[in-house]
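Topology and contacts: notes
Chain residues, written in single-letter form:
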Amino acid sequence: MEMKEMNLLVIIGLIGALMLIIGVFTAWLDPNIPVDDFSGWDVFNNKDHEFDEVDYTWAPLVALLAGVISFGLLVMPLIMNTEKYEQINNLLGLVALILAVVTVIVTYLFWSQNLPYGTHFSDVADMGIGIYLVYIGGIITIIGGIMPILKNKGIIKF
């Protein structure tokens, strides 16, 4: 396989997808009280019933699924970027892009919600590194999902 056939810019999307996956298993919430941080997976699994009255606890699952699916979808445009596969690569990049956009929106909705009794997450916890990884990974995956389309349309040359 020649380097000409590979779309190296898709590596950006693969890095973003990995960040989405890693972000789920790192700290999402850093409570303002001396207890352990809660990872995204703890939030999804409702560790110690801390999140019984919290909406969007499924946001980490969305991020994990989007990361795994986007990673899988972006491998093909990386290694098989010939004219024969141009149409399917554009479609795969578009699906990865949509998954990443949905992940960023759902994660924002999780963090910005009001908790019971008129409080907000920022009143009881700080945003952990995991949410930052999911936000940044989602944005990078959006960029990586656009790359096969831009390259195949001739907008960028690489």
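One can find the structure itself at the top, above this paragraph.
Here is a short report on the structure shown in this document. Throughout, residues of each chain are indexed from 1 in the direction in which the sequence is written. In view of the model being predicted, local features appear only for residues whose pLDDT reaches at least 70, and side-chain atom pairs are presented and counted only at 80 or more, with totals across whole chains, interfaces and linings using the full set of residues. Side-chain metrics in this entry use all non-hydrogen atoms of the structure; hydrogen atoms and water are not considered.

A look at a negative patch on the surface
- A cluster of acidic residues, Asp30, Asp36, Asp37 and Asp126, forms a negative patch at the surface.
- Relative to the helices and strands, Asp37 is located in the loop between strand E1 (27-31) and strand E2 (38-39). Like charges are joined within 9 Å and nonpolar side chains (Val, Leu, Ile, Met, Phe, Trp, Tyr) within 5 Å, but only among residues with over 30% relative accessible area and no salt bridge; these make up the patches. All accessibility values rest on the Shrake-Rupley procedure with a 1.4 Å probe; residue burial counts only the protein chains present in the view. Basic side-chain nitrogens of Lys or Arg form a salt bridge, by our definition, when they fall within 4 Å of a carboxyl oxygen of Asp or Glu. Counting rule applied: Lys, Arg positive; Asp, Glu negative; His and chain ends not counted. Every charge is mapped onto a representative atom, which is NZ of Lys, CZ of Arg, CG of Asp or CD of Glu. The helix count covers DSSP runs of H or I at least four residues long, the strand count covers runs of E at least two residues long, and both are numbered beginning at the N terminus.

So, the side chain of Asp42
- If you trace the backbone, Asp42 turns up in helix H2 (residues 40-45).
- Only protein chains enter the calculation, and the probe is 1.4 Å; a residue is then buried if its accessible area is under 20% of its type maximum, exposed if over 50%, and partly exposed in between. Although Asp42 lies buried, it forms no salt bridge, and the closest oppositely charged side chain, Lys47, sits 4.0 Å away as judged by the N-O distance.
- Every residue pair with non-hydrogen atoms within 4.5 Å of one another is taken to be in contact. Sequence-distant contacts of Asp42, defined by excluding residues within four places in its chain, comprise Asp37, Lys47 and Phe51.

Notes on unusual backbone geometry
- One non-glycine residue, Asp48, lies in the positive phi region at around 55°.
- Mapped onto the elements of the fold, Asp48 is located in the loop between H2 and helix H3 (59-79).
- By relative accessible area, which is 56% here, Asp48 ends up exposed.

Observations regarding the side chain of Ser39
- By secondary structure assignment, the location of Ser39 is in strand E2.
- Setting aside residues up to four positions removed in sequence, Ser39 forms contacts with Val24, Phe25, Thr26, Ala27 and Trp28.

Examining the nonpolar core
- Throughout, nonpolar core names a set of buried Ala, Val, Leu, Ile, Met, Phe, Trp, Tyr and Cys residues whose side chains join them through atoms within 4.5 Å. Core analysis: the largest hydrophobic core is formed by 23 residues, its most contacted members being Trp28, Leu29, Phe110, Trp111, Phe121 and Ile131.
- By size, the runner-up hydrophobic cluster in this structure holds 5 residues, among which are Val10, Leu14, Leu78 and Ala96.

A short note on the sheet that holds E1
- Read across the open sheet, the 3 strands follow the order E2-E1-E5; overall the sheet is antiparallel. The sheet is open, and its two edges are formed by E2 and strand E5 (125-127), each paired on a single side.
- Here, a strand pair is defined by DSSP locating no fewer than two bridges between the strands. Pairing of E1 with E5 involves 3 bridges; the strand directions are antiparallel. The residue of E5 that forms the bridge with Leu29 is Met127.
- Along the sheet face, helix H6 (residues 129-152) touches E1 and E5 and points at about 145° away from the line of E1. Here, axes are lines fitted to C-alpha atoms. For helices the fit covers the stretch in contact, and angles between N-to-C directions go from 0 to 180 degrees.

Side note on a nonpolar patch on the surface
- On the surface, Ile88, Leu91, Leu94, Val95, Ile98 and Val102 cluster together into a nonpolar patch covering about 460 Å² of accessible area.
- With respect to the helices and strands, the residue Val102 is situated in helix H4 (residues 86-112).
- The exposure class assigned to Val102 is partly exposed, which follows from its relative accessible area of 38%.

Quick look at the packing of aromatic side chains
- Two rings from Phe, Tyr or Trp (for Trp, the six-membered ring) form a pair when their centres are within 6.5 Å of each other. A pair whose planes differ by under 30 degrees is stacked, one over 60 is edge-to-face, and the rest are tilted. Counted according to the given criterion, the structure contains 7 aromatic pairs.
- With 5.5 Å between their ring centres and 65° between their planes, Trp28 and Phe110 make a pair best called edge-to-face. Separated by 82 residues along the polypeptide, Trp28 in strand E1 and Phe110 in helix H4 bring together distant segments of the chain. An identical accessibility class is assigned to Trp28 and Phe110; each is buried.

With respect to the packing of H3 against H4
- Contact geometry for H3 and H4: axes closest at 9 Å, N-to-C directions at 160°. It follows that H3 is roughly antiparallel to H4 by the angle criterion. Of the two possible hands of crossing, H3 and H4 adopt the one that is left-handed. Touching Ala59, Val62, Ala63, Ala66, Ile69, Ser70, Leu73, Leu74, Met76 and Pro77 of H3 are Ile88, Asn89, Leu92, Gly93, Val95, Ala96, Leu99, Val102, Thr103, Val106, Thr107 and Phe110, all from H4.
- Nonpolar residues are Ala, Val, Leu, Ile, Met, Phe, Trp, Tyr, Cys and Pro. Charged residues are Asp, Glu, Lys and Arg, and all others, Gly as well, are polar. Split into classes, the residues belonging to the contact of H3 with H4 amount to 17 nonpolar, 5 polar and no charged. What sets the label is the angle itself: under 35 degrees gives roughly parallel, over 145 gives roughly antiparallel, 65 to 115 gives roughly perpendicular, and the rest give oblique. We call a crossing left-handed when the near helix sits turned anticlockwise from the far one by less than a right angle, and right-handed when that turn is clockwise.

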